[in-house]
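# Descriptive structure summary
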Amino acid sequence: MLEYSMLYPKSTVTRRVFSMDGMWKFHIDRQGDGEKEGYPNKIPGFDYIPVPASFQDFYTQKEIREFAGDVWYEKEIFVPKEWKGKNLFLRFGAATHRAAVYVNGKKIMEHEGGFLPFLADVTEAVLYNAVNKVVVKVNNELTVTNIPCGETITLPDGTKMNKPYFDFFNYSGLQRSVSFLAVPKEYIFDFDLDYELAGEDAKIHYDIQTTGEHHVRLLLLDEEGKQAAQAEGKSGIMEVKNARLWQVRQAYLYRLIIRIYDGETILDEYVQEIGIRTIKVEGTSILLNGKPIYLRGFGKHEDSDIVGRGFNIGVMKRDFELMKWIGANSFRTAHYPYSEEIYQMADREGFLVIDEVAAVGLFESLMNFMEANTGKKTAFFEKETTPLLLKAHKRAIEELITRDKNHPCVIAWSLLNEPDTSSEAAVPYFKEVFELAHRLDKQKRPKTFALIMNSVPGVCKCYQFSDIIALNRYYGWYVKGGYEISEAEVLFRKEMDAWKALDLKKPFLFTEYGADTLGMEHKLPSVMWSQEYQDEYLKMTNEVFDSYDFIKGEQIWNFADFQTTEGILRVNGNKKGVFTRQRQPKDAAYLLRERWKKLPLDFKG
Ligand code: EVA
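The structure presented is a predicted model; accordingly, all values stated were derived computationally and were not measured. Per chain, the residues get numbers from 1 upward, laid out in the order the sequence is written. This being a predicted model, a pLDDT of at least 70 is required before a residue's local features are given, and a value of 80 or more before pairs of side-chain atoms are given or counted; all residues contribute to the totals for chains, interfaces and linings. Based on all heavy atoms of the structure, the side-chain values leave hydrogens and waters out of the count.

## Examining the site of the ligand
- To be near a molecule or strand, a residue needs just one of its heavy atoms within 4 Å of it. Of all residues adjacent to the ligand, which total 14 residues, the nearest are Asp167, His335, Glu418, Tyr478 and Lys576.
- Each polar contact in these results corresponds to two N or O atoms within 3.5 Å; when the atoms are within protein, one needs to be able to donate a hydrogen and the other to accept it, and residues that are neighboring in sequence are counted only if both atoms are side-chain atoms. Contact distances for the ligand include 2.4 Å between an oxygen atom and a side-chain N or O atom of Tyr478.
- Accessible areas in this description were obtained via Shrake-Rupley with a 1.4 Å probe; residue shielding takes into account the shown protein chains only. When isolated, the ligand has an accessible area of 320 Å², and the protein chains bury 98% of it.
- Under the grouping applied here, Gly and all other residues not named as nonpolar or charged are polar, the nonpolar ones being Ala, Val, Leu, Ile, Met, Phe, Trp, Tyr, Cys and Pro and the charged ones Asp, Glu, Lys and Arg. Classifying every residue of the shell around the ligand gives 5 nonpolar, 4 polar and 5 charged.

## What to know about the pattern of salt bridges
- Within this document, salt bridges are pairs made up of a side-chain nitrogen of Lys or Arg and a carboxyl oxygen of Asp or Glu, the two lying within 4 Å of each other. By the definition in use, this model includes 52 salt bridges.
- Close ionic contact of Arg473 with Glu495 constitutes a salt bridge, the shortest N to O distance being 2.8 Å. Of this pair, Arg473 sits in the loop between strand S28 (469–472) and helix H7 (485–502) while Glu495 sits in helix H7, and the two are 22 residues apart along the sequence. This pair shows no difference in class: Arg473 is buried, exactly as Glu495 is.
- Each of Arg249, Lys317, Glu321, Lys324 and Glu349 takes part in one network of salt bridges that share partners. Numbering of helices and strands runs from the N terminus; a helix is a DSSP stretch of H or I covering at least four residues, while a strand is a stretch of E covering at least two. For every residue, the accessible area (1.4 Å probe, protein chains only) is compared with the maximum for its type, and the residue is labelled buried under 20%, exposed over 50%, or partly exposed between those bounds.

## Some details on the environment of Asn329
- Position of Asn329 relative to the elements: it lies in the loop between helix H2 (313–326) and strand S24 (330–332).
- The spatial distance from the C-alpha of Asn329 to the C-alpha of Glu349 is 9.3 Å, given a sequence separation of 20 residues.
- Note on definitions: a residue-residue contact is assigned when non-hydrogen atoms from the two residues lie within 4.5 Å. Not counting residues up to four positions away in its chain, the partners in contact with Asn329 are Val248, Arg249, Tyr294, Leu295, Arg296, Gly350, Phe351, Leu352 and Leu601.
- One polar contact links the side chain of Asn329 to the main-chain carbonyl oxygen of Tyr294, over a distance of 3.1 Å.

## Regarding the packing of H2 against helix H9 (residues 587–598)
- Axis definition: a line fitted to C-alpha atoms, over the contacting stretch in the case of helices. Angles run 0 to 180 degrees between N-to-C directions. Interhelical geometry of H2 versus H9 gives an angle of 60 degrees and a closest axis separation of 8 Å. Considering the angle they form, H2 stands oblique to H9. Counted together, Lys324, Trp325 and Ile326 of H2 and Ala589, Tyr590, Leu592, Arg593, Trp596 and Lys597 of H9 form the full contact between these two elements.
- Among the residues forming the contact of H2 with H9, the class breakdown is 6 nonpolar, no polar and 3 charged. The labels follow the angle: roughly parallel below 35 degrees, roughly antiparallel above 145, roughly perpendicular from 65 to 115, and oblique for the rest.

## A few points about the nonpolar core
- In terms of nonpolar packing, the biggest core is built from 114 residues, with Phe298, Leu362 and Met496 touching the most fellow members.
- If you tally residues by element for this core, the top one is helix H6 (residues 426–440), at 8 residues.
- Beyond its immediate chain neighbours, meaning those up to four positions away, Leu362 contacts Ile147, Cys149, Phe380, Phe381, Leu389, His393, Leu416, Glu418, Pro419, Asp420 and Tyr429. For this analysis, a nonpolar core means a set of buried residues of the types Ala, Val, Leu, Ile, Met, Phe, Trp, Tyr and Cys, connected via side-chain atoms within 4.5 Å.

## Quick notes on H2
- The span expected for a helix works out to 1.5 Å for each residue beyond the first. Its 14 residues give H2 an end-to-end C-alpha distance of 20 Å, which sits within 8% of 20 Å, the value for a rise of 1.5 Å per residue.
- Of all the positions in H2, only Met316, Asp319, Phe320, Leu322, Met323 and Ile326 are classed as buried. For H2, the angular spread of buried residues about the axis comes to 165 degrees, placing them on one side.
- Of the surrounding secondary structure, the elements contacted by the buried residues of H2 are strand S23 (295–299), S24, helix H3 (340–349) and H9.
- Between the side-chain oxygen of the N-cap and the backbone nitrogen of Gly314 there are 3.2 Å, and the N-cap of H2 in question is Asn312.
- Two residues or fewer past H2, Gly327 is found with a positive phi of approximately 85 degrees. Arc, as used here, means the arc of the directions from the helix axis to the C-beta atoms.

## A closer look at helix H5 (residues 386–404)
- Here H5 spans 26 Å end to end across 19 residues, near enough to the 27 Å set by a 1.5 Å rise per residue.
- Within H5, 14 of the 19 residues are buried, which leaves it mostly tucked inside the rest of the structure.

## A look at the sheet that holds strand S12 (residues 178–183)
- As summarised here, the arrangement of the 4 strands in space is S1-S12-S5-S8, forming an open sheet in which the pairing is antiparallel. Among the strands making up the open sheet, the edge pair consists of strand S1 (16–19) and strand S8 (118–121). The average angle at which neighbouring strand axes cross in this sheet is 25 degrees, direction not considered.
- We treat two strands as partners when DSSP finds at least two bridges between them. Inspection of the sheet shows strand S5 (residues 87–92) paired to S12 by 6 bridges, in the antiparallel sense. From the neighbouring strand, Leu90 faces S12, where its bridge partner is Phe180.

## Description of the sheet that holds strand S13 (residues 188–198)
- The sheet built from 3 strands is open, its strands ordered S13-S14-S17 with antiparallel pairing. The open sheet has two edge strands with one neighbour each: S13 and strand S17 (235–240). Averaged over all adjacent pairs, the angle separating strand axes in this sheet is 25 degrees, with direction ignored.
- Where S13 and strand S14 (residues 201–210) come together, 10 bridges link them in antiparallel fashion. Bridging from a neighbouring strand, Tyr195 pairs with Ile204 of S14.

It is worth stressing that arrangement in space is one thing and function is another; only the former is reported here.
So this is what it looks like as structure tokens:
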């Protein structure tokens, strides 16, 4: 169990949340000696930047954009005296990739992992009815002992530089909201829900964890605010008559109110919207509420102009509108857990989410999507440091599942993206990771990982761990692109025939396929990178998808163009977007819309 509660911050009759978003004082620690220089008490200078945001794209200097090391943030907060006697927490939606938190000069905690929330307990450190100083040191260096993986090199002139083993820009900083919470001494710490459907009715199996022994009561309200069910005690079953189910693109959300009582006094209250639904895999089918579904949608990124990977509420709204327009019903949170607000929106809009932990780059190469095809092996899981990586990875899985388990939108966990599965050493690693996820999830959702191009029958040692076989495939792009596309199709079908021959009795899903396309480029006849070629590529790929019954979904790479490390394969970023980075459609968007609007939800049963 985690040492702090991951519940999303909400004000209720017993809780108070104060947003710390806005301008923070900011300083880049070029010497890396901030502690020695007294930064925990006060950071130097008067530069201010917004939170939440990545720090990289505001500035005009390349050495800031590429900076690898420590950056410092500072903000003052007034703590009212009425909050005495409460637990006071600072909550960081994320700090990429690791952070140390100081209050009034005193170190409170450290956290590693750049895409999940953490809480600093500042109850003892604050001064009441006074201004308090919050200082946060954020470090963005990449290592092979933390996820996502990469390395930090030193250039001949002494400058440090990040070398990701992954294909997205190493945006960092305080990229998500920061809040200050006042929570009662005895409080609701966590809860787990699971659903069982019985005819018209539903049973909600629940477990509530609190920090004390007082009595717990639950109340379930429907969308009109009418009582739909109630229950007493920390664990049990709540019966919902004539339950309205959470369905794909037709969400129904109940409001669950959890309270701790001392007699008739409410000690703590937490409120969350929940959706009643079941999810499971049976044979080659993915079943939502017992009925087969076919996924259509995207691998995405949190990425936009100016704020980088910072949570951007406007971009989130636009993305959902575009996904609805194009007829998508799902997305994968490639390659890290997204901001919590995105899952809340997916809950409300009825989108299916494959929730991915930041285990990307477990294949030692910047261009792994290219090199996997060459037969390159990197023995990634045979490193001396692998046990440390495994520890960080498991911790991130625990944080992810604890954070996201009660979202109806989350239908599967993706535990790795494109690891090197060619050596036996990967097997015990996978075993630990998959077993942990299974144990932590009361709903026992399907678990998967995205297979890199060379993870094929005969080579991949780990696909058996997956409940859904998720393939990242680029036949017609990295393999035999352009006029060779007919050969790409032959090779693609050959691989799919090999999977078919294994008769795994599991659903297959394409978690990636795509072709880089410049939003302004037209060419008749087509060439690679033109809009015409993206369409040709999609026609070929779709035909292959439709030839195999066990393929139960397609999530194209990528929803939108996104920023990457600069290099000869990337033109100011990755251009595989169906939409541009500014969220306007390429030609392929119309082709996909045509297809997806017609595909029934239960396509291929
Ligand atoms: C690509 N291919 O080459 C993508 C990457 C992605 O951006 C992959 O999983 O295999 C990766 O991150 O465009």
